[in-house]
Amino acid sequence: MSSGVKLDGTKEAVLTEKTEHVDDNQTDTSKEFLGTGKSSEENITEMRDNKELESNISDEQDLSNTSPLTEHKSAAEYEKELRLLNQWYRLDENYVPSVYSLQPISTFYKDIFSKDPVRKQQAKSKWLSSFQKLHKILQEYASIAVGQDTASMLLKTVLQQEVDQGLCVHGSPEDHCHCFKRDICDLQFNLSRKQASKYIDVHPLKPEINIGMYEAHQNFIKSIYTRLHHTNIYEKSISWGKRGIDPASNRSRAYYLERLCNDFQKIVITHFSRLIKSKKIPDVLDARRRKQILQIHRDEEILEHIQHCQGLDLRVIIRFIGVTGESRNVRLVLLSLCYQIADIYQISINLSEDFEALVQEFASLLEFATKDKALLISLDGLDELSEEYGADLSWIPTKLPENVYFMVSTSTESNCSCLKALKEIGVEQNILQIPSLTSTEINHLITCWLKRDCRILSTYQQQLLIEACVACPLPLYMFCAYKESFLWTSFSLETEVYLPPDLSKMYSWLMEKMEKNHGEQVIKRMAAYITLSKNGIALEELLDLLSLDETVMQEITKYQKVSVLAFPQVLWMKIQKDFGEHLVEQRSENTYVFSWAHSFLKHICMERYLKTCDLQLSLHAAFADYYLGHKAPKINGEMTTSQPLAWVLKKESKVSYVFNLRKLVGTSYHLIKSNNIPMLITECLFNYEFLLHKACALSVISIEEDLKAAASVERTLLDLNLLSETLKLSKKVLLKDPYQLASQLIGRLHQIVAADKPVAPGDPKKYQHLPALLSQCQESSTPVLVPSTTCLLAPGGLLCELLPGHMDKITAVAETQKDLMVVTASQDGTLKYWDLNTGKATLTLCGAGKNIGSITVCQENRLVAVTENNSFKIWDLSLGKVIYKADGFPDTPILTSAMNGQFLLVFFDGSLLVKVFDLTDSCQLLHEAHISAEDDAPVHKNHSVLVSKNSVKDYVLCAYRSGKEAMVFSAKKGQVTAKLTSQESVVAVEGVAITKEYFLVIFRCPFMGQQDIVHIELFSVGTFVYTHTLKGCCNDFISTYFINHLGSHLVAFSSIPNTSTTEIIIWNLESEEHKHLAKLPSVPVGGVCSDLHYCLAFCDGENCLQSWNLASKINDQSLTVTANKPKKISGIQDIVTIQNYPRQVQKKDCSLI
């Protein structure tokens, strides 16, 4: 960042990127001098203009820099100066070594804080008179008393310190700093003019140049020339004119200002252009690049916490809630913990980002801890969690896996304490109350702190401090009390040494002092904005909001006697210094913000300044208006700040975005808090560019959180529900590539919006905001593929829920023999039991295998048989180990069970071999048989054998794919008991299943000479006789099928050719009704449906189960489909580019009747 120095004749003003703390002596000199922030010379100028002070100035008070060695003074004069020094500088023996401290102005001039402007100005003038005399004494004697170098540092102005800081840069100053010098050529001939002293140091009593000040200033200018090359110094000359250098009357002044602005703008633009060209600008539109950026942000978040616990083993995960803005959000905390655990145990993961899924995935990751690599998670300050998800603590495991240790802490003083929730989760004996500090500990800590800070206290002061801390033995109170003791001096009166009795009164007392020192309205509004801000407030935001607050600016004008257009930053610096460590700067939303160091201080500010709900609403509204750009400080009628959604950097063909997270997060938050839901809807939720930028900078999950908050208030607005359902359907895509937002919205909503017509002329449309949103999608700021019609699955169908928990893709799923449970296997090497009522995993078996192809549950859920490649294993879950293993088979084994899991039957794909194992007798091989296939049945190498997943008695049903019959195999006898032949002459077997009453054989046969149709033939279990047939339609392409536990329905997944969609279809085995219940935007590769409330499936590459409640649609007669009433299905067979219009493409349909 460039720095600029502006030299006005012999007066100077500096512009730097950031002003740090000035020299302690300089700070003390101007202590409690409100609203000035001026150099010593400027204070003298103001003093000279004051008539009351002018009468008190004598000829002896010359500020020329004369040497005390050449000036003759009387003893009375020396005595007078000595008394003045002793009056204002007192020896403070509370420091080691002792120091002379400048006394506060209010020590002698009480009215300096008066609310009466006249009395305040009188006190200010008296102080300026004393200040002038002190300054003259220091100029004369400082070099002799403390040496030239120390004296130079003591008398260095704030301006000089700022210039020194601005020139101290990495590399060459010419790469960072520029100096603008103005020379008023005839100023020395106009010293008698009233305004001349603002531009040159003039003698206070006569129109002559103050030689000492003038020479000092010239030396200062020369120092800049020696440190900065002349190419970076820009000089402009102007004349004084009849009315000074007022641009309204002085044309050269107006021309100078115009040139100055143009040159400054040109230099800054050139500087940044050079900087941009020197660096590689990444293309953030690349979804892979966005993933890398998010990973960098996650790593930075982890490092923010690691730096507080240096030297600890990385298997110890620590989070200090509230250290960053992101650490206050429970969802982001969980996401960060999951990534760090995965990194520790080197697990390849693909995490969900929504809260409910992260809870399950977090619990799953804990199970990877081992005995030789145990895991400790420590979360400090849970009461600092913000209100997202109601600061939900249900994600904290009630029962920890082995080798995992979990430690949390919370405050009991805060009203938002989560101690009650922790007691409900944990065991009572595991909740420890940290005892109060003992008197011995308090004495020891105070002694150590005083030694560290090179301070001592008088006996009375130390006793008072210790007694106060013993009376309120809280560490936070002790910290505040000790910091307050820093204000005590060795000469402080006992009546001036005071400590409030408890923490609440301590903070209230702090705010009272701040109000007295800096103004009631200033502190009230500043504290209110910090308290109500989202994760803290940036400095620019705070100064802008205070500048927009009329009550604050009026108070500054009234009591500081200055009229300013913006809140003075020097006043903020004084306030920040006085708040000390109670106000902290921390990272949030990729910037740095100010917030209270402890939530209890925030609570005090809420009680003190924000008692009424109306005031809170108005301030939240002020925040929202600021972020939306409806209000901003103005200079010369123009807004001084802007709040874009992102700052765009372009370099050649690449475009990079720096997202304005403060606006993207703060706008919706404060609109919700101000109950301005209509504005939230129009400016955020149905503003395409806002949605796009928020999805890219954060994620689509953040948009869903906003929609949920808005829907809780505007329950009747149908647009919100439809948009929420649309984003849910598109979540998987948008999490990977949020730049597809426009394509997803138009592709799913176009037809719905186009069909939305008023019922009668003058009636409103059903959807009020969606048309405008889709219209904005057409004008996207980023290149997108915009469909011309609905081409994706539209909202309004059967909603899907997710069961997350696996870290890698699921490879198999199976239903259990009892209870409403399922079992899944994943490439993360785990086997999980799921309770469908709660949606949570109840048991995890690690090391089960990474390529499990099928699961069979036996012996009332105690045993689990799994296949992996050309082998199978039998696990005893009660023992957690393999009790039988067989491998080396030439063909892939296919498992099923019989007799309630007593027998395990193993068929082999591509052969006629069947093996039967008795699981109740140590997995002994009971039978080994060969089944004979029908003569014309083709035997394929892969997926040739079809076996029922369930059984009745000791019977299982098997068949060969594309054959004409199925076989009933008896596990007890080890042979085929019956064959079930189709009633049609031309058929091909596609599947077999069993209920308590029927054997089901699924055939496919020709229909009307054009298409194939599904025939499901049912045979009696008792007699093996054909009973009846269920018919499907031409749109049924069964890939996976299931029978529910009751045996009332057959459920199947029908993948539609030439599309990436699948339909859930169902048959009622008694009424023969056939329905298409739902459509999915993916193709499942496996699933189960033991209960119609839980139809489960998983897709290739996904690590979570999808679940549908079919029972909610089972009685919907509009979904019934027959062979004579097929549905028309349109799929995309090819995409063709239009030759003369390359920006447009045309799809070639493949219609299926």
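Anyway, here's the lowdown on the structure attached to this text. Predicted, not measured: the structure shown is a model, and the values here were computed from it.

## Let's talk about the overall build of the protein chain
Within the protein chain one finds 30 helices and 45 strands. A separation of at least 24 residues holds for 58% of the contacts in the protein chain among residues at least 6 apart in sequence. Accessible surface for the protein chain amounts to roughly 56000 Å². Of this, 52% is attributable to carbon and sulfur atoms.

## Notes on unusual backbone geometry
Following Val96, the chain continues to Pro97 via a peptide bond in cis, the omega torsion being -5°. If you trace the backbone, Pro97 turns up in the loop between strand S3 (89-92) and strand S4 (99-102). In this model, Gln859 sits at a positive phi of 50°, which is unusual for a non-glycine residue. Considering the arrangement of structural elements, one finds Gln859 in the loop between strand S21 (852-858) and strand S22 (863-868).

## What about the sheet that holds strand S7 (residues 316-320)?
Within the open sheet, the three strands sit side by side as S7-S8-S9. Their pairing is parallel. Two strands close off the open sheet at either side, each with one partner strand: S7 and strand S9 (404-408). Across the sheet, the mean angle separating the axes of adjacent strands is 10° when strand polarity is ignored. Strands in contact with helix H11 (residues 330-344) are S7 and strand S8 (375-380); relative to S7, the strand with the most contacts, it is inclined by about 160°.

## Points about the side chain of Lys534
Among the secondary structure elements, Lys534 is positioned in the loop between helix H18 (520-532) and helix H19 (539-548). When near neighbours in sequence (up to four residues on either side) are disregarded, Lys534 contacts Glu388, Glu589, Arg662, Val665, Tyr669 and His670.

## Concerning the pairing of strand S31 (residues 965-970)
For S31, the tally of buried residues reaches six of six residues, placing the bulk of the element in the interior. For strand S30 (residues 955-960) and S31, the ladder comprises five bridges, and the chain directions are antiparallel. Paired with Tyr955 across the bridge in S31 is Ser970. Turn length for the S30-S31 hairpin, with the two strands adjacent in sequence and antiparallel, is four residues, and the turn residue Ser962 shows positive phi of about 75°. In the sheet, S31 pairs with strand S32 (residues 975-981) via six bridges, with the strands oriented antiparallel. From the neighbouring strand, Phe969 faces S32, where its bridge partner is Val976. Between the antiparallel neighbours S31 and S32 lie four residues, among them Gly974 with a positive phi of about 70°.

## Some words on helix H28 (residues 718-736)
Three- or four-residue spacings in an α-helix give side chains the same orientation, since the helix completes a turn every 3.6 residues. End to end, H28 covers 28 Å across 19 residues, agreeing with the expected 27 Å (1.5 Å per residue, within 8%). In the structure, H28 departs most strongly from a straight axis at Ser730, where the bend amounts to approximately 65°. Turning to H28, its buried residues number three or more, namely Asp719, Leu720, Leu722, Leu723, Glu725, Thr726, Leu727, Ser730, Lys731 and Leu734. Buried-residue contacts for H28 involve helix H25 (677-685), helix H27 (700-711), helix H29 (741-754) and helix H30 (770-777).

## Considerations on the state of the cysteines
If you walk through the whole model with that rule in mind, you get zero disulfides. Lacking any disulfide linkage, Cys179 is separated from the closest cysteine sulfur, that of Cys177, by 9.8 Å.

## A closer look at the packing of H18 against helix H23 (residues 613-628)
Across the interface, H18 lies against H23 with an axial gap of 10 Å and an inter-helix angle of 75°. Taken together, H18 and H23 sit at an angle that is classed as roughly perpendicular. Of H23, the residues touching H18 (which contributes Arg525, Ala528, Tyr529 and Leu532) are Leu615, Gln616, Leu619, His620, Ala622 and Phe623.

## Looking at the pairing of S8
Judged from the five bridges that link them, S7 and S8 form a sheet pairing that is parallel. Bridge assignment links Ile317 to a residue of S8, and that residue is Ile377. By the bridge criterion, five bridges tie S8 to S9 in an arrangement that is parallel. Residue pairing in the sheet places Ser378 in a bridge with Met407 of S9.

## Notes on the pattern of salt bridges
For the coordinates displayed, the defined rule picks out 23 salt bridges. Residues Lys732 and Glu1102 are paired through a salt bridge, measuring 2.4 Å at the closest nitrogen-oxygen approach. Here Lys732 is found in helix H28, whereas its partner Glu1102 is found in the loop between strand S42 (1094-1099) and strand S43 (1105-1108), with 370 residues between them in sequence. Here Lys732 falls in the partly exposed class, since its relative accessible area comes to 44%. What makes Glu1102 buried here is its relative accessible area of 10%. Several salt bridges converge on common partners, so that one network encompasses Lys156, Asp164 and Arg227.

## Quick look at the packing of helix H7 (residues 158-167) against helix H8 (residues 211-227)
One way to put it is that H7 packs onto H8 with a least axis distance of 12 Å and a crossing angle of 0°. On the basis of their axis angle, the class for H7 and H8 is roughly parallel. Residues Leu159, Gln160, Val163, Asp164 and Leu167 of H7 form the contact with H8, whose participating residues are Phe220, Ile224 and Arg227. Looking at the contact of H7 with H8 residue by residue, the classes come out as five nonpolar, one polar and two charged.

## Observations regarding the side chain of Ser871
When you line up the elements, Ser871 lands in strand S23 (residues 871-876). Engagement of the side chain of Ser871 in a polar contact is seen with the backbone oxygen of Glu868, the distance being 2.8 Å. If we skip the residues at most four places from it in the chain, Ser871 touches Val866, Ala886, Asp887, Phe889 and Pro893.

## Considerations on the packing of aromatic side chains
Counting across every chain of the model gives 33 aromatic pairs. Ring centres of Phe1019 and Tyr1026 lie 5.8 Å apart, and the angle between their planes is 70°; on these two criteria the pair is classed as edge-to-face. In this structure Tyr1026 comes out as partly exposed when scored by relative accessible area, which is 29%. Of the aromatic side chains, those joined through ring pairs into one cluster are Trp88, Phe108, Tyr109, Trp127 and Phe131. Directly above the ring of Tyr95 sits Arg455, whose terminal nitrogen or CZ lies 5.0 Å from the centroid. The aromatic ring of Phe486 is capped on one face by Arg455, whose charged end is 4.9 Å from the ring centroid.

## Notes on the environment of Leu1119
Residue position: Leu1119 is located in the loop between S43 and strand S44 (1129-1137). With 41 residues separating them in the primary sequence, Leu1119 and Ala1078 have C-alpha atoms 9.0 Å apart. Not counting residues up to four positions away in its chain, the partners in contact with Leu1119 are His1074, Lys1075, His1076, Leu1077 and Lys1113.

## Observations regarding the nonpolar core
General note: in soluble globular proteins, nonpolar side chains tend to be found buried as a group. Leu465, Met511, Met526, Phe567 and Ile575 are the most contacted members of the largest nonpolar core, which totals 60 residues. Discounting residues that sit within four places of it in the chain, Ile575 has contacts with Met514, His518, Val522, Ile523, Met526 and Phe567. One finds Leu685, Ala742, Val753 and Leu774 within the second-largest nonpolar core, a separate group that totals 46 residues.

## Some thoughts on the sheet that holds strand S39 (residues 1062-1068)
Two modes of strand pairing occur in sheets, parallel and antiparallel, and in both the strands are linked by backbone hydrogen bonds. Reading across the sheet, the four strands line up as S37-S38-S39-S40 and stay open at both edges, with antiparallel pairing between neighbours. The two strands at the open ends of the sheet, each matched to only one other strand, are strand S37 (1038-1043) and strand S40 (1074-1080). In this sheet, neighbouring strand axes are inclined to one another by 20° on average, regardless of whether the strands run parallel or antiparallel. Here strand S38 (residues 1049-1055) runs beside S39; their pairing, made up of seven bridges, is antiparallel. What sits directly across from Ala1052, in S39, is Ile1065.

What counts as what
As a convention, each chain's residues are numbered from 1 in the sequence order in which they are written. Per-residue local features are limited, in this predicted model, to residues with pLDDT of at least 70; the limit for side-chain atom pairs, both in listing and counting, is 80 or more; totals at the level of whole chains, interfaces and linings are taken over all residues. Just so you know, side-chain values use all the structure's heavy atoms and leave hydrogens and water out. A helix here means a DSSP run of H or I that spans at least four residues, while a strand means a run of E at least two residues long, and both kinds are numbered starting from the N terminus. Contacts between residues were defined by any pair of non-hydrogen atoms, one from each residue, lying within 4.5 Å. For the area figures, the Shrake-Rupley method with a 1.4 Å probe applies, and any residue is considered shielded solely by the protein chains shown. Should DSSP find at least two bridges between two strands, the strands are taken to pair. Angles shown run from 0 to 180 degrees and are taken between the N-to-C directions of axes, each axis being a line fitted to C-alpha atoms and, for helices, limited to the stretch in contact. For each residue, the accessible area found with a 1.4 Å probe, counting protein chains only, is set against the maximum for its type, and the residue is called buried under 20%, exposed over 50%, and partly exposed in between. Multiplying 1.5 Å by the residue count of a helix minus one yields the expected span of that helix. Note on bend: the value at a residue is the angle between axes fitted to the seven residues ending there and to the seven starting there. Any two cysteine sulfur atoms within 2.5 Å of one another count as a disulfide. Angles below 35 degrees are treated as roughly parallel, those above 145 as roughly antiparallel, those between 65 and 115 as roughly perpendicular, and all remaining angles as oblique. In the sections that follow, a salt bridge refers to a side-chain nitrogen of Lys or Arg positioned within 4 Å of a carboxyl oxygen of Asp or Glu. Side-chain classes follow a simple rule in which Ala, Val, Leu, Ile, Met, Phe, Trp, Tyr, Cys and Pro form the nonpolar group, Asp, Glu, Lys and Arg form the charged group, and the remainder, Gly included, forms the polar group. Two N or O atoms form a polar contact when they lie within 3.5 Å of each other; inside protein one atom must be a possible hydrogen donor and the other a possible acceptor, and for residues adjacent in sequence the pair counts only when both atoms belong to side chains. Each Phe, Tyr or Trp ring, with Trp reduced to its six-membered ring, pairs with another whose centre is within 6.5 Å; inter-plane angles below 30 degrees give stacked pairs, above 60 give edge-to-face pairs, and intermediate values give tilted ones. Criterion for a charge above a ring: Arg CZ or Lys NZ at most 6 Å from the ring centre, at most 35 degrees from the ring normal. Only buried Ala, Val, Leu, Ile, Met, Phe, Trp, Tyr and Cys residues count toward a nonpolar core, and they belong to the same one when joined by side-chain atoms within 4.5 Å.

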